[in-house]
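Below, each chain spelled out in residue letters.
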Amino acid sequence: MDPIEIFGVGNKIFAALCSHFPDLKVVSRGNEIHLEGSESLIQEFSQKFAELVERRHHKMNLTVFDVDDIFDGTVSPDALKVSGDATIVHGTDGKPIMARNKTQQEMVKAYFNNDLVFAVGPAGTGKTYVAIALAVRALKNREIKRIILTRPAVEAGERLGFLPGDLKDKLDPYLQPLYDALGDMIPAKKLQDFISDGTIQIAPLAYMRGRTLDRACVILDEAQNTNIAQLKMFLTRMGVNAKFIVTGDASQVDLPRKEDSGLLKGISLVKDIKGISTIFFSNEDIVRHPLVNKIVKAFDRHEKNEETPCKSE
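Residues numbered from 1 in each chain as written. Predicted model: local features only at pLDDT ≥ 70, side-chain atom pairs only at ≥ 80, totals over all residues. Heavy atoms only, no water.

**Structural notes on the nonpolar core**
Side chains of a nonpolar character, in soluble globular proteins, are inclined to be buried together. Counting 41 residues, the largest nonpolar core has Ile-132, Leu-182 and Ile-200 as its most contacted members. At 9 residues, helix H7 (residues 127-140) tops the list of elements feeding residues into this core. If we ignore the near neighbours within four places in the chain, the residues touching Ile-200 are Leu-139, Ile-147, Leu-182, Ile-186, Leu-191, Phe-194 and Ile-195. Counting residues in each nonpolar core, the second largest holds 23 residues, with Val-120, Leu-213, Phe-244 and Ile-267 among its members. (Core = buried A, V, L, I, M, F, W, Y, C linked by side-chain atoms within 4.5 Å. Buried < 20%, exposed > 50% of the residue type's maximum accessible area, 1.4 Å probe, protein only. Helix = DSSP H or I, 4+ residues; strand = E, 2+ residues; numbered from the N terminus. Contact = heavy atoms within 4.5 Å.)

Laid out in structure tokens, this is it:
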């Protein structure tokens, strides 16, 4: 095996491995590695290096993320696929990000078993967060080449038109929740690099028109604000080796006419197609502050009372 396949271009991967052993002197010469230090450190280094080589046998390429994984004990994709409750990815603070309830676990398993997943339910259930965690994991494992996050820019009309700056400046506040989730999982400098080189793209839904998206994990957030034509346009962007995740809350439609929302209509049209799965979240799945669950229920009761016609005497 060519050393560059393990060491990486410019020895970046090897340097990342060595950074975990500051008290060990490591010198590489061709195919040989010379170590000076305590016996326990030499044994640990040898073990981690062997794990890195083993990973290379199962992957097309290694990245510095693989070094992180062999130190933080990330489980294999198969374990996550079967159980849905293992660590999806580690956050920038080192804490594991994993499914927090049964419905999130079902969403994780659905992702591994299908190329298109709909995740529908109230705010605060973690739909988008889990979707982004799965996308980041796929990028780290080199299963995809890029992550594309999109939202229908319902708020990008006249109400944003008077804000200062170019189109990106106007839209970034609307897309900020997506940046926030990514920021929990990818260090700021690396995230900026990914955005700069197009590895991670965040854009309004209209920017998806005409594209074919290969080897990508593509997430459509706030899909309740798409009409049926927009949803069709998005779903038909799917290219080879792509994973699509659509998230939305049918109770929070911001369109002028709520009945124009295409989310539930679209789900009903494709529900019997193999390779597509729909996960429905409920108020019981809310993982934010405990008050959020009560607030959602209170508003739901209010909306039902408004929809109930008055009986005539």
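**Brief notes about H7**
Taking 1.5 Å per residue, 14 residues should reach 20 Å; H7 reaches 20 Å between its end C-alpha atoms and fits that length. The buried count for H7 comes to 13 of 14 residues, which makes it a mostly enclosed element. Of the residues one or two after H7, Arg-142 is the one with positive phi, at around 60°. (Expected span 1.5 Å × (residues − 1).)

**Some thoughts on the pattern of salt bridges**
Under the definition given, this model contains 8 salt bridges. Two residues, Lys-109 and Glu-106, come together in a salt bridge whose shortest N-O distance is 3.1 Å. Of this pair, Lys-109 and Glu-106 both sit in helix H6 (residues 102-113), separated by 3 residues, roughly a single helical turn. Of the charged contacts in the structure, one is a salt bridge between Arg-151 and Glu-222, with a shortest N-O distance of 3.3 Å. Note that Arg-151 is positioned in strand E6 (residues 146-151) and Glu-222 in the loop between strand E8 (216-220) and helix H11 (228-235), a separation of 71 residues in sequence. Of the residues examined, Arg-151 reaches a relative accessible area of 7% and is grouped as buried. (Salt bridge = Lys/Arg side-chain N within 4 Å of Asp/Glu carboxyl O.)

**Examining a nonpolar patch on the surface**
Together, Leu-291, Ile-295 and Phe-299 make up an exposed nonpolar region whose accessible area comes to about 320 Å². Tracing the chain through its elements places Ile-295 in helix H13 (residues 290-307). Relative accessible area serves as the criterion here: at 46%, Ile-295 is assigned to the partly exposed category. (Patch = residues over 30% accessible without salt bridge, like charges linked within 9 Å, V, L, I, M, F, W, Y side chains within 5 Å. Areas by Shrake-Rupley, 256 points an atom, 1.4 Å probe, with all protein chains shown as cover.)

**Description of the side chain of Asn-225**
Tracing the sequence through the fold places Asn-225 in the loop between E8 and H11. Exposure remark for Asn-225: the relative accessible area of 2% places this residue in the buried category. Within the structure, the side chain of Asn-225 is placed 2.6 Å from the backbone nitrogen of Asp-254, a separation counted as a polar contact. (Polar contact = N/O pair within 3.5 Å; in protein donor to acceptor, adjacent residues only side chain to side chain.)

**Considerations on the sheet that holds strand E5 (residues 116-120)**
Ordered by their spatial adjacency, 6 strands build an open sheet running E7-E6-E8-E9-E5-E10, and the pairing between neighbours is parallel. Both edges of this open sheet fall to strand E7 (200-204) and strand E10 (276-280), since each of them pairs with a single strand only. With strand direction ignored, the average angle separating the axes of adjacent strands in the sheet is 15°. Direction of pairing for E6 relative to E7: parallel, over a ladder of 5 bridges. Bridge pairing in E7 places Thr-150 opposite Ala-203. (Pairing = 2+ DSSP bridges. Axes fitted to C-alpha atoms, helices over the stretch in contact; angles between N-to-C directions.)

**What to know about the side chain of Thr-150**
Position of Thr-150 relative to the elements: it lies in strand E6. Within the local environment of Thr-150, its side chain forms a polar contact with the backbone oxygen of Pro-204, the two atoms lying 3.4 Å apart. Here Leu-205 takes part through its backbone nitrogen, which lies 3.0 Å from a polar atom of the side chain of Thr-150. Apart from residues no more than four positions distant in its own chain, Thr-150 is found in contact with Leu-178, Ala-203, Pro-204, Leu-205, Met-208, Ile-219, Leu-220, Asp-221 and Phe-234.

**Some thoughts on the confidence of the model for the protein chain**
When pLDDT is averaged along the protein chain, the result is 84, and 86% of the positions lie at 70 or above. Taken element by element, the predicted model of the protein chain shows its lowest mean pLDDT in helix H8 (residues 158-161) (47) and its highest in E5 (98). Every residue in residues 156-160 is under pLDDT 50, and counting partners more than four places away or in other chains gives 4 contacts. (pLDDT = per-residue confidence, 0-100.)

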